[in-house]
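Read off the chains here:
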Amino acid sequence: MDNKTDILHLTCTHNPADDRILYRESLSLLKIFPSIIIIGVKQETGHKSIHGIETIAVKDEGYKTNIQNIMIEARKYQPRIVHVHDLFILKDALHYARELKIPLIYDVHEHFPLLVKSYLPGLWIKKICHKMVLNHREKRYSKMADHIITVVPQLTDRFTKWHMFVTEIRNYPRKEIFQIDENISHPAAQKMKEFAGERIILIYAGNISLNRNLKLFRDTVLLLNKKGYACAGVSLGNGDRENVEIWKKLCEEYPDRMIYLGDIPHDQVPFLLQQAHIGWSVLPDKAPFNISLPNKVFEYLACGLPVIVSDMCNVRHLLWKSPVALIFSDENEDGLSELIMSAYPDKEVLNEMKPRAKEIFISRFTWDSEELKLLHVYRAILKTDEKT
């Protein structure tokens, strides 16, 4: 363990190039720490440097094997701080941090026990038992963290019940991420343009999971066209193989209306979004999705897109009555299609909204203020650690 580094991020469920871990937190931390490593999971092993940040991917073979392989990689390094992004790996990471006598940050991206309950197959009693066990485990081990970072008020309230040091750092995007590099080729955007022609483009960018109401996205696009609203449904992102294959087949059933572009390189996504007209961010009206604050909502706004978004309390609080946000509660393609046709009747209206969407993003929802909170957390932890 001769390889010293400043910060070691560990995640057994996220790609090491995860938007929050790499493109928000790590890029900010580079301002005060020269050496940062992220260990995560992908379909295949990999090791590369992205913007000066070292990323290591272990092959995704299920969370238990993932944890073992991640900890094998982690023990090759001697960081000053370990930053953990999953409940499943928290116990092992705590042991590792205590062995090295270094601080540990627990970064809570979502209400993990409720998320597992919603995805877990089987009887309801099995789901309830898993949720109770995970709640107990998270409370027990998070108490041992030196600091907890959350993303929404509900999680902040939850963890402050048993921990003194909790900071809410929201998943707002960086302004500079959406500055287009003219030297980069954009084959996916060209493909989208050829597919859509003159039609209005509804776009979904994010995790490809059927639990995220993707079938409603497809069915809404189909019904809009039946009602005479000429539009195309475009989707991009990654997910587990089974969900991706199912989604590809659902799109291929209507090849003239729907297209799945696959997992697009991060630096190509902003340009692609800017060529679309409406951003889709519809999640089921159930826990834990209904306390979400989807980062894609703000990325759409940054690219000048009005958004269609579920009536989630955190989104409603920030964007209620905003002309660039169509917030709805009825998960029904008929009612939703009528709302879209009424709010966004044609390209002229949509194009007029582009500067307003960008203005709202720049004035209220950039990463700048969140970065200051993150750097403050790290400085405070290191200052305390040096005193002890």
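Rules behind the numbers
- Residues numbered from 1 in each chain as written.
- Predicted model: local features only at pLDDT ≥ 70, side-chain atom pairs only at ≥ 80, totals over all residues.
- Heavy atoms only, no water.
- Helix = DSSP H or I, 4+ residues; strand = E, 2+ residues; numbered from the N terminus.
- Rg over C-alpha atoms; globule rule 2.2 N^0.38 Å.
- Buried < 20%, exposed > 50% of the residue type's maximum accessible area, 1.4 Å probe, protein only.
- Contact = heavy atoms within 4.5 Å.
- Polar contact = N/O pair within 3.5 Å; in protein donor to acceptor, adjacent residues only side chain to side chain.
- Pairing = 2+ DSSP bridges.
- Axes fitted to C-alpha atoms, helices over the stretch in contact; angles between N-to-C directions.
- Core = buried A, V, L, I, M, F, W, Y, C linked by side-chain atoms within 4.5 Å.
- Parallel < 35°, antiparallel > 145°, perpendicular 65-115°, else oblique.
- Left-handed = near helix turned anticlockwise from the far one by under 90°.
- Nonpolar A, V, L, I, M, F, W, Y, C, P; charged D, E, K, R; others polar.

J.: What am I meant to see in the overall build of the chain here?
T.: The helix and strand inventory of the chain stands at 15 helices and 14 strands. For the chain, whose C-alpha radius of gyration is 21 Å, the value lies close to the compact-globule estimate of 21 Å for 388 residues. Along the first, second and third principal axes, the C-alpha atoms of the chain reach 65 × 55 × 40 Å. Of all 388 residues assigned to the chain, the portion counted as buried reaches 56%. Taking contacts inside the chain between residues at least 6 apart in sequence as the whole, the part at least 24 apart equals 68%.

J.: Honestly, the side chain of N225 in this entry has me stumped. Any pointers?
T.: Checked against the element boundaries, N225 lands in helix 8 (residues 214–226). A distance of 3.0 Å separates the side chain of N225 from the backbone oxygen of C231, its partner in a polar contact. Ignoring any residue separated from it by four or fewer positions in sequence, one finds N225 in contact with A230, C231 and R257.

J.: Sorry if this is basic, but what is going on with the sheet that holds strand 7 (residues 147–150) here?
T.: Strands pair in a sheet through their backbones, by hydrogen bonds, and they do so in one of two ways: parallel or antiparallel. Taken together, eight strands build an open sheet; the order of strands is 3-4-2-1-5-6-7-8 and the sheet is mixed. Strands with a single pairing partner mark the edges of an open sheet, and in this sheet they are strand 3 (46–50) and strand 8 (166–168). Taken pair by pair, the neighbouring strands of this sheet meet at an average axis angle of 25°, ignoring direction.

J.: Looking at this model, I keep getting lost on the environment of L134. Mind explaining?
T.: Summarising the element assignment, L134 is placed in helix 5 (residues 124–142). For L134, a relative accessible area of 4% gives the class buried. Spatially, the C-alpha atoms of L134 and F88 are 9.0 Å apart, while their sequence positions differ by 46 residues.

J.: Whenever I open this one, the environment of E61 confuses me. Can you help?
T.: Position of E61 among the secondary structure elements: in the loop between strand 4 (53–59) and helix 2 (63–74). Looking at E61, the relative accessible area reads 48%, which means it is partly exposed. Taking the C-alpha atoms as reference points, E61 and K42, separated by 19 residues in sequence, lie 9.2 Å from one another. The residues contacting E61, other than those within four sequence positions of it, are N66 and N69.

J.: Would you mind showing me how to read the nonpolar core here?
T.: Formed by 110 residues in total, the largest nonpolar core has its most connected members in L10, L104, L202, I203, I308 and L319. In terms of nonpolar packing, the next biggest core, distinct from the first, is built from 22 residues, I7, I21, F33 and I50 among them.

J.: How should I be thinking about unusual backbone geometry in this particular structure?
T.: Leave glycine aside and you will find that most residues have negative phi; peptide bonds, for their part, are mostly trans. Unlike most non-glycine residues, H51 shows phi in positive territory, near 55°. Unusually for a residue other than glycine, N213 sits at a positive phi of about 65°. Looking at the element boundaries, N213 is found in the loop between strand 9 (200–205) and helix 8. A relative accessible area of 14% means that N213 is categorised as buried.

J.: For this particular structure, what's the right way to read the packing of helix 8 against helix 13 (residues 333–343)?
T.: For any two helices packed against each other, the geometry is given by the interaxial angle and the distance between the axes. Where helix 8 contacts helix 13, the axes come no closer than 9 Å and their chain directions differ by 60°. In terms of axis orientation, helix 8 runs oblique to helix 13. The interaxial crossing formed by helix 8 with helix 13 has right-handed handedness. Of the residues in helix 13, those touching helix 8 at L216, D219, T220, L223 and L224 are E333, D334, L336, S337, I340 and M341. Of the residues belonging to the contact of helix 8 with helix 13, the class tally is six nonpolar, two polar and three charged.

The quantities given are spatial measurements derived from coordinates; they are silent on function.
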